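# What the coordinates show
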Amino acid sequence: MPVACVLGMFAARAAADPPAAPAVEVTAGRVEVDHAGALSTDALFEPGEAQIKAAARPLLDAVARALAKDPTTMVRIGCYTDDTAPDNDRSGEYNLRLSQQRADAVLAYLVKHGVAARRATAKGFGRERPVEDNATDDGKRANRRLELRVAGEVRPPDGSDLATYTRAISAPLPLIA
């Protein structure tokens, strides 16, 4: 068999194999993807856009599957941008609006893929809370991120909570209002 034919077979097989799914872990404080606490929005969105890239869907599918394993996990989706904005928008409104649209897009995607809407919130922070200096390209890249924070369990109180609460506030002294 000619070498070109053999190489062509390997190339076709490699193209047919899907990329490996990322390792997603839900910890007590955040959702980690491949041991990172934040996802680069460069991998999820085109610059200036809020529509999720097709290439990012397997990554978000893995996040949705991980979140679906524990139906009590509450997640806060936070999206951030660097300080770059079109037309020299110094107010930050453009970046705030873009980051909110992106956070909402991720929330909608996760809900569509099995995460209950009541378990997640989305907030865009724009250029606020940078993790690196926006003066460098590396700093800007680090600041363009999506964080998935795990919140404490939120549940309605039940009868056993009332008994615990009553014992905690009962005191031998009279309560003064």
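Along each chain, residue indices are assigned from 1 in the same order as the chain's sequence is written. Side-chain atom pairs in this predicted model are given and counted only at pLDDT of 80 or more, local residue features only at pLDDT of at least 70, and totals for whole chains, interfaces and linings cover all residues. Side-chain numbers come from the whole structure's heavy atoms, not from hydrogens or water.

## Comments concerning helix α4 (residues 93–112)
Helix length check: α4 (20 residues) gives 28 Å between terminal C-alpha atoms against 28 Å at 1.5 Å per residue, within 8%. All of the buried residues along α4 are Asn-95, Leu-98, Ser-99, Arg-102, Ala-103, Ala-105, Val-106, Leu-107, Tyr-109 and Leu-110. Working rule for contacts: check all heavy atoms of both residues, and any pair within 4.5 Å makes them a contact. Only DSSP runs of H or I covering at least 4 residues are called helices, and only runs of E covering at least 2 are called strands; the numbering of each starts at the N terminus. Looking at the buried side of α4, the elements it contacts are α2 (41–44), α3 (57–68), β4 (74–80), β5 (120–126) and β6 (145–151). Gly-114 sits one or two residues past α4 and shows a positive phi near 105°. Multiplying 1.5 Å by the residue count of a helix minus one yields the expected span of that helix. For each residue, the accessible area found with a 1.4 Å probe, counting protein chains only, is set against the maximum for its type, and the residue is called buried under 20%, exposed over 50%, and partly exposed in between.

## Remarks on the pattern of salt bridges
Salt bridge, as used here: a side-chain nitrogen of Lys or Arg that lies within 4 Å of a carboxyl oxygen of Asp or Glu. The full count for this structure, using the stated rule, is seven salt bridges. Residues Arg-144 and Asp-42 are paired through a salt bridge, measuring 2.8 Å at the closest nitrogen-oxygen approach. Residue Arg-144 is located in the loop between α5 (137–143) and β6, and its partner Asp-42 is located in helix α2; the two are separated by 102 residues in the primary sequence. The residue Arg-145 makes a salt bridge to Glu-147 at a minimum N-O spacing of 3.0 Å. Neither Arg-145 nor Glu-147 differs from the other in exposure class; each is buried. Salt bridges linked by common partners bring Asp-42, Asp-82 and Arg-144 together as one network.

## Concerning unusual backbone geometry
Positive phi, close to 50°, is recorded for Asp-34, a residue that is not glycine. By relative accessible area, Asp-34 is classed as partly exposed at 48%. One non-glycine residue, His-35, adopts positive backbone phi at about 65°. As for its placement among the helices and strands, His-35 is situated in the loop between β2 (31–33) and β3 (38–40). Taking relative accessible area as the criterion, His-35 reaches 65% and is therefore assigned exposed.

## Remarks on the sheet that holds β5
Strand order in this open sheet of four strands is β3-β6-β4-β5, and the pairing throughout is mixed. Both edges of this open sheet fall to β3 and β5, since each of them pairs with a single strand only. On average, adjacent strands in this sheet sit at an angle of 20° to one another, irrespective of strand direction. Strands were regarded as paired on the criterion that DSSP finds at least two bridges between them. Relative to β6, β3 runs antiparallel, the two being bridged by three bridges. Considered in β6, the bridge of Ser-40 is made with Arg-145. Angles run from 0 to 180 degrees between N-to-C directions of axes, and those axes are lines fitted to C-alpha atoms, restricted for helices to the stretch in contact. Sheet contacts for α4: β4, β5 and β6; angle to β5, the most-contacted strand, approximately 160°.

## Let's talk about the confidence of the model for the protein
The predicted structure's coordinates, where accompanied by low pLDDT, should not be read in detail. What pLDDT expresses is the predictor's confidence in each residue, scored from 0 to 100. Scored by pLDDT, the protein has a mean of 81; 73% of the residues are at 70 or more. Segment residues 3–15: pLDDT under 50, and two contacts once partners within four positions in sequence are set aside and those in other chains are kept.

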